[in-house]
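As a plain string of letters, each chain reads:
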Amino acid sequence: MSYQVLARKWRPRRFSELVGQEHVVRALSNALDHDRLHHAYLFTGTRGVGKTTLARILAKSLNCEAGVGSNPCGECSACREVDEGRFVDLIEVDAASRTKVDQTRELLDNVPYAPVRGRYKVYLIDEVHMFSDSSFNALLKTLEEPPPHVKFLLATTDPRKVPITVLSRCLQFNLKRLAPEQIGAQLDRILSAEHIDADSDATRLLALAADGSMRDALSLLDQAIVYGAGKVGDADVRAMLGSVDRSRVHGLLEALADNDVDALLRVVAELAESAPDFSDVLKQLLRGLHQIALFQAVPEAAGLSLESEALSPLAERIDVEDVQLYYQIGLIGQRDLPLAPDARAGLEMVLLRMLAFRPSDGDSLSTPVGKPAPQAASRRESVSAPERTAAVESPAPVTSRSAGSPSTNPAPSGVAESSAGIAAPPSAGDSDWAGIVAALKLAGVSRELANNCVLGERDDDRLVLLLDPNGASLSTQATRERLGKALNDYFGRPMRVEIRHLEARPVDMPAASLADTPARRRERDDQARQRDAEQAIMNDPLVQEVQQAFDATPLPGSIRPADNDSHKQR
C-alpha cells in the first residue's frame, strides 16, 4: 500500500478530534443534537485550520445511517463513503475552478432532485469567494430558499470578498488560528502514535513555523521525518527550516543587556558564518524580548516558558523601558530590513540603533565600541547602599506609565561625586526646585518625574517632594531610584527622598504653590509664547491686508512660535 501523508492520515473524522475550534464544535453539536439545523453554513479562517474537514464531518453527521447527531458512527456505508470522498450526495465544488455563471447554473440545476443515497444532499463549495458576481447572483435565490433535503456548506479564507447578500443568508463561523502550544501537543500525540522519536524542542519549532495552520504543521512534520531518516531531532529541524540556534539569539540579548557593542557585532559575525535568514534572526530576537517583557510584568509566567532558564536572568538585568524600546525598534527594523543593502548590515544597524537610542542616566548616550556602558552596571546596583542611593517612598499605587521627552541638559561641573566628599551646590538656590532639576543628571522619564514635583520640605538629610497627580504614572521603582541617585550627587551627600502626592501637602503650604511644578511652568510658558505668536501674526499689516483682500482666516494650529535656545534646552 502506498504511503499516505500525515495531513490526510490524521485528518479528524469526528468533532471530538478537532483541535482548537471548540466554539464551532459546540454550536454545531447542539444544532445536530437538538434538530435546529440551518440550510446554509459559512466557515471562514486561514488555511489549514479545518474548514473543509469540519464541513465533511457535518455532512457525515447529517447522513449517518444511525441518525442525525453530533457523533456519527463512522462504520456505516454513508460514513465510510464520506471519509473516502466517494459519497454520491456530497457534492464538493472548487469555486476557483468554476467561476463562470454557466457552471454555477449547471450545478444548481440538480438541487431540486432528491438525494440518491443519503438523508440530505450536501453542497460543499470551497473557496467560495472566488465566484464571480454573476455566479453569486445565480446562487442567491437557491441559497435563501433551498429544498428541505439540501444543505449548503461554504468555506473561504477571505470572507470580505463574499457579498453581504450571501453572508446574510448563512450562519457564519470563524475558525481561529491555532496556538503553537495546541499544534505542538497534537504533533506530540501523532509522533507517539506513529512510534517516532522526537525532541520536544523540534516539535516546538515546527509548531512555530506552521504559523497557526495544522495542515502546514503536519506537512512540515512529514518533511522533518524524511530529513531525519525517521527521527525528528532539534538540530535536523533547525537545519531544515534554516532556523538560528537559540543560544546565538540569547547571546544578542546578553550583549544588549550589557550595552556591549563589541560583543553584539561578534555574535552577528558568528551568525553570518552559517548564512542564516537574518530576518528570522530578528524575528527570534523579538520573540525573546516579548518573553522578557512577560517575565517582568508577570513573574509567574517564567515557569510556563521553555526558555525561562535563559531569559529570566535577563528580565532582571534589562530595564522595563529598554525592553519596550528594543522591541519597538526591532519591529520597525523588521519592516525596513528588505530595504537594506544587505541583510546582515540591516540587522547590525537595527541592533546598533537599539543601543544608540537607549536612555542614559548621564549626559551622554555614546559608548566606546567594545566596552559596556558604565550606566549598565550602575542601573543594576541595589538601592540598599545609603551612601549612594536614596531611599525613595511613594504611598500611591502606580497603574500606568507615560513617557516624557528626554533632556540633554548637561549637569554643572560643580557637582561632585558622593565619594569625593561634599561640594558646593550650583548657583541655583536650594529652594528653587526648577533650578535644581535643571542641574540634575537626569534624562527621559526620570527627568519628567522631577519636573512634575515641587519641593515640599527639606532638612539636612531629607527631602519631601510633592507629586502632581498628572504625573503619577511616571513614578516607578526605576525612575524613583534614578531621581534619588541624581539628588545624592547634586547635594554631595546621602539624602532620604520621599515622594508624596499633592493631597499630602503640609498644612502651612499654600495650594497655589503646589501647582508650580517645572512641567506646569513650562506649559504656561508655551501657552504664553503661543498667544504672543498668534497676536504678532494677526497684528501684522501684511496678514491683515491678505485677510481683507481674500476674506481669509489662518488655519487653526498653523501658527507656531519660533523655537529659541532656552526653550529647546528645557
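No experiment lies behind these values; they were computed from the predicted model shown.

Engineer: Requested: an account of the packing of aromatic side chains, with residues and values cited.
Structural biologist: Overall, the coordinates contain six aromatic pairs when judged by the stated rule. Aromatic pair F43 and F173: ring centres 6.1 Å apart, planes at 25°, arrangement stacked. Of this pair, F43 sits in strand β1 (residues 40-44) while F173 is found in strand β5 (residues 171-174), placing the two residues 130 residues apart along the sequence. Given the relative accessible area of 0%, F43 is considered buried. Where Y490 meets F491, the ring centres are 4.8 Å apart and the plane angle is 90°; that geometry is what we call edge-to-face. Pair check on accessibility: Y490 and F491 agree, each one buried. Ring pairing ties together the aromatic residues Y41, F43 and F173, which thus form one cluster.

Engineer: Please set out the sheet that holds strand β6 (residues 453-458) residue by residue, giving values where relevant.
Structural biologist: On the basis of which strands lie adjacent, the open sheet formed by three strands has the order β6-β7-β8 and mixed pairing. Edge strands, defined here as strands with exactly one partner in the open sheet, are β6 and β8 (496-501). The average angle at which neighbouring strand axes cross in this sheet is 30°, direction not considered. Alignment of strand β7 (residues 462-467) against β8, held across six bridges, turns out to be parallel. Residue pairing across strands places L467 opposite H501, the latter belonging to β8.

Engineer: Before we move on, could you go through helix α2 (residues 22-33) and cite the residues and values that matter?
Structural biologist: The periodicity of an α-helix, 3.6 residues per turn, causes residues three or four positions apart to be oriented the same way. Its twelve residues give α2 an end-to-end C-alpha distance of 16 Å, which sits within 8% of 16 Å, the value for a rise of 1.5 Å per residue. Inspection of α2 places V24, V25, L28, S29, A31 and L32 among the buried residues, and these make up the whole buried set. Along the long axis of α2, the arc covered by the buried residues comes to 160°, so they all point the same way. Where α2 is buried, its residues touch β1, α3 (51-63) and β5. The first or second residue beyond α2 is D35, which carries a positive phi of 55°.

Engineer: Which residues make up the sheet that holds strand β3 (residues 121-126), and what values do they have?
Structural biologist: The sheet built from five strands is open, its strands ordered β2-β3-β4-β1-β5 with parallel pairing. Edge positions in the sheet fall to β2 (90-94) and β5, since each has one partner strand and no second. Recorded for the sheet is a direction-independent mean angle of 15° between the axes of neighbouring strands. Along the sheet, α2 contacts β1 and β5; its crossing angle with β5, the most-contacted strand, is approximately 150°. The strands touched by α3 are β1, β2, β3 and β4 (150-156); relative to β3, the strand with the most contacts, the crossing angle is about 180°.

Engineer: Pulling in residues and values, what's your account of the state of the cysteines?
Structural biologist: Summed over all chains, the structure comprises zero disulfides. You can see C76 has no disulfide; the closest cysteine sulfur is in C79, sitting 3.4 Å from it. By relative accessible area, which is 11% here, C76 ends up buried. A residue is classified by how much of its surface remains accessible, and C79, at 0% relative accessible area, is buried.

Engineer: So what about the environment of K161? Which residues, and what values?
Structural biologist: Within the secondary structure, K161 sits in the loop between β4 and α7 (164-167). Dropping the residues within four chain positions of it, K161 is found in contact with H129 and F136.

Engineer: Hey, could you go over the packing of helix α8 (residues 180-194) against helix α9 (residues 200-210) for me, with residue numbers and the actual values?
Structural biologist: Here α8 crosses α9 at 130°, and the two axes come no closer than 8 Å. Taken together, the axes of α8 and α9 lie oblique to each other. Handedness of the crossing formed by α8 with α9: right-handed. In contact with P180, I183, G184, L187, D188 and L191 of α8, α9 contributes T203, L206, A207, L208 and A210. For the contact of α8 with α9, the per-class residue count stands at eight nonpolar, two polar and one charged.

Engineer: Tell me about a nonpolar patch on the surface, and name the residues and values.
Structural biologist: Side chains of L542, V546 and F550 sit close together on the surface and give an oily, nonpolar patch of about 340 Å² of accessible area. Along the chain, V546 falls in helix α24 (residues 541-550). Owing to a relative accessible area of 37%, V546 belongs among the partly exposed residues under this scheme.

Engineer: Can you lay out the nonpolar core for me, pointing to particular residues and giving the numbers?
Structural biologist: One broad rule of soluble globular proteins: the nonpolar side chains tend to lie buried together. If you look at the biggest cluster of nonpolar residues, it comprises 33 residues, and the most contacted ones within it are L252, L253, L256, L285, I292, L351 and M354. Elements supplying a minimum of two residues to this core: α12 (246-258), α13 (261-272), α14 (278-297), α15 (308-317), α16 (320-336) and α17 (343-356). It is α14 that provides the largest number of residues to this core, a total of nine residues. Counting 28 residues, the second largest nonpolar core, distinct from the first, contains Y41, A59, C64 and L90.

Parameters and conventions
Residues numbered from 1 in each chain as written. Predicted model: local features only at pLDDT ≥ 70, side-chain atom pairs only at ≥ 80, totals over all residues. Heavy atoms only, no water. Phe/Tyr/Trp six-rings, centres within 6.5 Å; stacked < 30°, edge-to-face > 60°. Helix = DSSP H or I, 4+ residues; strand = E, 2+ residues; numbered from the N terminus. Buried < 20%, exposed > 50% of the residue type's maximum accessible area, 1.4 Å probe, protein only. Pairing = 2+ DSSP bridges. Axes fitted to C-alpha atoms, helices over the stretch in contact; angles between N-to-C directions. Expected span 1.5 Å × (residues − 1). Arc of directions from axis to C-beta. Contact = heavy atoms within 4.5 Å. Disulfide = S-S within 2.5 Å. Parallel < 35°, antiparallel > 145°, perpendicular 65-115°, else oblique. Left-handed = near helix turned anticlockwise from the far one by under 90°. Nonpolar A, V, L, I, M, F, W, Y, C, P; charged D, E, K, R; others polar. Patch = residues over 30% accessible without salt bridge, like charges linked within 9 Å, V, L, I, M, F, W, Y side chains within 5 Å. Areas by Shrake-Rupley, 256 points an atom, 1.4 Å probe, with all protein chains shown as cover. Salt bridge = Lys/Arg side-chain N within 4 Å of Asp/Glu carboxyl O. Core = buried A, V, L, I, M, F, W, Y, C linked by side-chain atoms within 4.5 Å.

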